Amino acid sequence: MGNSNFDIYGNKVILTFSERACFTTEDVVNSDLFKKILTRCLADLKRKNSILLKIFDDSFDADEKNIDLLIKIIKFLTRNSADLLPVAVPESSSFLKDKHLFNDFIEYLYNYWRSFERFIVCDSAGREFDQRPYRAFNDMVEPLSHLIRSTYRDVAENITNLHPRIYRQVIAGGEVGVIATPRRLNLPPGPYEKLQNISVIRQVLLYPPLILNPPMNKRTGMYERIPKNPLDLFDLKKEEWLCYPARVGHLVVLVYFHKKLTELGLSLCNLFEMADDEDLERRPDAVFVFGVEGNALDGLAKMPTVFYDDEANDILAGAVPGRDEFGYFGYVKKMILTLHNIRMMKKGRMPFHGAMFRILLKGNKDLTLLFIGDTGAGKSETIEAFRALGDEYIQDIIVIADDMGSLEVLPDGRVVGYGTEIGAFLRLDDLQPGYALGQIDRAIIMNATQVNARIILPVTTLNTLVFGHKVDYILYANNYEDIDEDHPVIERFTNPELAFKVFKEGAVMSKGTTTTTGIVHSYFANIFGPPQYKNLHDGLAEKYFQAFFKAGVFVGQVRTRLGVSGWERNGPTEAAKELLRVIEKQ
């Protein structure tokens, strides 16, 4: 459009410009992007043998001449009534045979455009948009939506000579806008040089709810350590990539993603805080390249989802292919967290796969609880069940970690915990009825009509993640066992050896979030780093479980029954109620 470049990948349109793209409705219709979308729309209608094509002569063919004619007609209709069209464009007679059908075509074209996932990149090179982001977004992103909507309305009104009585102010332009600037970062020499000057995202403008349909809705396999740096194996065209600099707890991870995976890369804004300028001055803890083209990563490991521990440069490097089979947000999120966990182990902290939250009960009880368990074990769901218990018991709930974090034993013996994410990546099916709708104005929703539909929501702050909270309860989230006299909802372990055994087995009933089914086991319910460094983690875990009991931490398991048929919703609620009773007795 206007002074812009655009890329179309499947159902995604990425617009890149350094100044306002369009000023008038005629600019919109004159743009190369409009012609491309119109051409694709006509091809789609022809494939369907749609009745809308009856606006053309029977001999219609979507060739250059007819497309240019249609553009000429639409351009005229942005300013003038259809009654004047036969005089201005004599060859337009067929379009007026049925004005209602022609109007239906315009409606279809508008909705066809809006069926794309639409992203705008404001190129800040030499313009310092990142120093005045609100003005940049207000001048470059907001007006485009208004112009496209106005173009549709002007054309429709000039065809029908009627004004709508109901105006729906849908987002007709970009659904996400970003300000990005080429920037040299504090990266090591050698293969990392190819990452330099890829545009780094500095601000994001989001119009929620954002409804996305990535190619995949599940993740499989684990991230495998390889003996060579994957960055040596491929090249990058910097104009095809963007970088999201993520604050992952105390760490900085530079996430480079190919534009064909823009919807996944930009969804990180709801999950990880963006690194600030001061963060970007220091060397990152890890880099992650998501969307490597071709088969450069194939054959390096069982799965081409790999990372390299560059001990010489004190940095980790991860990479995942760009094929559709890896087009799932879990591949982005979990690689980032794998790299985080490895860095934490090397610093002497014990990573956990779990949910940690601080709960303030009436009566001045202030406790921090950690649920450890694999994906689908009921961790986040139990936290939400706590919220649903209401004002009668709970004064406040502060989320510290929704999925991953780390523990540290301080010199005085206290056990403290840290988080990694400001957001949560939740299964829609496992949330309390109505919860997702209550948060819809902040949400990114993925694969809404499929199994494992997900919602990404901000739930906490970076300051909360990195504070270091004293841990009072550590509970394994057991989603597969039913309740009886020998299997209570809350079971406290009597010694560190028994606790170590249960946590290490990492049993869980799979909930369809990956390609596994039934009861599965994973080392400490965390395949994201600990198994790849098992000797290091074993030593840390033994030390930490001894420290838990020495510090008087309540260590046990909570049976959420999320994987037990019929208890998918009530199980976490009952677990939350029982845990409240246990807490009140302490």
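Further up the page is the structure itself.
Now for a quick tour of the structure. (Residues numbered from 1 in each chain as written. Predicted model: local features only at pLDDT ≥ 70, side-chain atom pairs only at ≥ 80, totals over all residues. Heavy atoms only, no water.)

## Notes on the overall build of the chain
- The number of helices and strands found in the chain is 16 helices and 27 strands.
- Relative to its length of 586 residues, the chain is compact, with a C-alpha radius of gyration of 27 Å against a globular reference of 25 Å.
- Judged by the C-alpha coordinates and their principal axes, the chain covers about 90 × 55 × 45 Å.
- With 586 residues in all, the chain has 59% of them scored as buried.
- Within the chain, residue pairs in contact and separated by at least 24 positions form 77% of the contacts whose partners lie at least 6 positions apart.
- Accessible surface, the chain: about 24000 Å² in total, of which carbon and sulfur atoms supply 47%.
- A gap of 0 Å separates the mean positions of the 70 positive and 78 negative side-chain charges of the chain. (Helix = DSSP H or I, 4+ residues; strand = E, 2+ residues; numbered from the N terminus. Rg over C-alpha atoms; globule rule 2.2 N^0.38 Å. Buried < 20%, exposed > 50% of the residue type's maximum accessible area, 1.4 Å probe, protein only. Contact = heavy atoms within 4.5 Å. Areas by Shrake-Rupley, 256 points an atom, 1.4 Å probe, with all protein chains shown as cover. Lys, Arg positive; Asp, Glu negative; His and termini not counted. Charge placed at Lys NZ, Arg CZ, Asp CG, Glu CD.)

## Some thoughts on the packing of aromatic side chains
- Under the defined criterion, the tally for this structure stands at 22 aromatic pairs.
- Relative to F503, the ring of F493 has its centre 6.4 Å away and its plane inclined at 75°; by these criteria the two rings are edge-to-face. Of the two residues, F493 sits in the loop between β24 (490–492) and α14 (496–505) while F503 sits in helix α14, which places them ten residues apart along the sequence.
- Its relative accessible area of 2% is what places F503 among the buried residues.
- Through pairs of rings, three or more aromatic residues link up here, namely Y476, F493, F500, F503, Y523, F524, Y544, F545 and F548. (Phe/Tyr/Trp six-rings, centres within 6.5 Å; stacked < 30°, edge-to-face > 60°.)

## Observations regarding the pairing of strand β14 (residues 350–361)
- Counting buried residues in β14 gives eleven out of twelve residues, a clear majority hidden from the surface.
- Sheet analysis places β14 next to strand β17 (residues 404–409), joined by four bridges and oriented antiparallel. By the bridge assignment, H353 is partnered in β17 with M404.
- Where β14 meets strand β15 (residues 365–372), eight bridges bridge the pair, whose relative direction is antiparallel. Residue pairing across strands places R358 opposite T368, the latter belonging to β15.
- Between β14 and β15, which follow one another and run antiparallel, lie three residues, and G363 among them has a positive phi close to 100°.
- Bridge count between β14 and strand β16 (residues 394–401): six bridges; the pairing is antiparallel. Each bridged residue has a counterpart across the sheet, and for L360 the counterpart in β16 is D396. (Pairing = 2+ DSSP bridges.)

## Describing the sheet that holds strand β20 (residues 444–446)
- As summarised here, the arrangement of the four strands in space is β6-β20-β21-β19, forming an open sheet in which the pairing is mixed. Each edge of the sheet is formed by a strand with only one pairing partner; in this case those strands are β6 (210–212) and β19 (423–427). Strand-to-strand twist in this sheet, taken as the mean axis angle between neighbours without regard to direction, amounts to 20°.
- Across three bridges, β6 lies against β20 in parallel orientation. Residue pairing for β20: L210 is matched across the bridge by I444. (Axes fitted to C-alpha atoms, helices over the stretch in contact; angles between N-to-C directions.)

## Considering helix α2 (residues 32–48)
- Taking 1.5 Å per residue, 17 residues should reach 24 Å; α2 reaches 25 Å between its end C-alpha atoms and fits that length.
- Those residues of α2 not exposed but buried are L33, F34, I37, L38, C41, L42, D44 and L45. With its buried residues spanning 165° around the axis, α2 presents them on a single face. When the buried face of α2 is taken as reference, the exposed residues oriented beyond 90 degrees from it are D32 and R47.
- One or two positions beyond α2, positive phi appears at N49, with a value near 55°. (Expected span 1.5 Å × (residues − 1). Arc of directions from axis to C-beta.)

## Quick word on helix α10 (residues 329–346)
- The end-to-end C-alpha distance of α10 is 26 Å, a good match for the 26 Å that 18 residues give at a rise of 1.5 Å each.
- Among the 18 residues in α10, 17 count as buried, and that is most of the element.
- Count one or two residues on from α10 and you reach G348, which has phi positive near 90°.

## What about the pattern of salt bridges?
- Throughout the structure, instances matching the rule amount to 36 salt bridges.
- The closest approach of N and O atoms between E64 and K35, which form a salt bridge, is 2.4 Å. On the criterion of sequence distance, the pair formed by E64 in helix α3 (residues 64–77) and K35 in helix α2 is long-range, its members being 29 residues apart.
- The exposure class assigned to K35 is partly exposed, which follows from its relative accessible area of 24%.
- Its salt-bridge partner being R225, residue D309 comes within 3.8 Å of it at the nearest N-O pair. (Salt bridge = Lys/Arg side-chain N within 4 Å of Asp/Glu carboxyl O.)

## So, the packing of helix α6 (residues 133–140) against helix α7 (residues 142–160)
- Taken N-terminus to C-terminus, the directions of α6 and α7 make an angle of 15°; their axes are 3 Å apart at the nearest point. One way to sum up the angle between α6 and α7 is to call them roughly parallel. Residues F137, N138, D139 and M140 of α6 touch α7, and the partners they reach there are E142, P143 and L144. (Parallel < 35°, antiparallel > 145°, perpendicular 65-115°, else oblique.)

## Focus on the nonpolar core
- L407, F503 and F548 are the most contacted members of the largest nonpolar core, which has 78 residues in total.
- For this core, the element with the highest residue contribution is α10, accounting for nine residues.
- Excluding its chain neighbours within four sequence positions, the residues that come into contact with F503 are I372, I474, L475, Y476, F493, F524, A525, F545, V555 and G556.
- Ranked by size, the runner-up nonpolar core spans 56 residues in total, among them L69, L85, L147 and A172. (Core = buried A, V, L, I, M, F, W, Y, C linked by side-chain atoms within 4.5 Å.)

## Some remarks on the pairing of strand β5 (residues 199–206)
- With seven of its eight residues buried, β5 lies for the most part within the structure.
- Two strands pair when backbone bridges link them, and strand β4 (residues 176–182) and β5 are joined in this way by seven bridges, in the antiparallel orientation. By the bridge assignment, V176 is partnered in β5 with L206.

## Side note on the side chain of S522
- The topology assignment puts S522 in the loop between β26 (519–521) and α15 (534–550).
- With a relative accessible area of 9%, S522 lands in the buried category.

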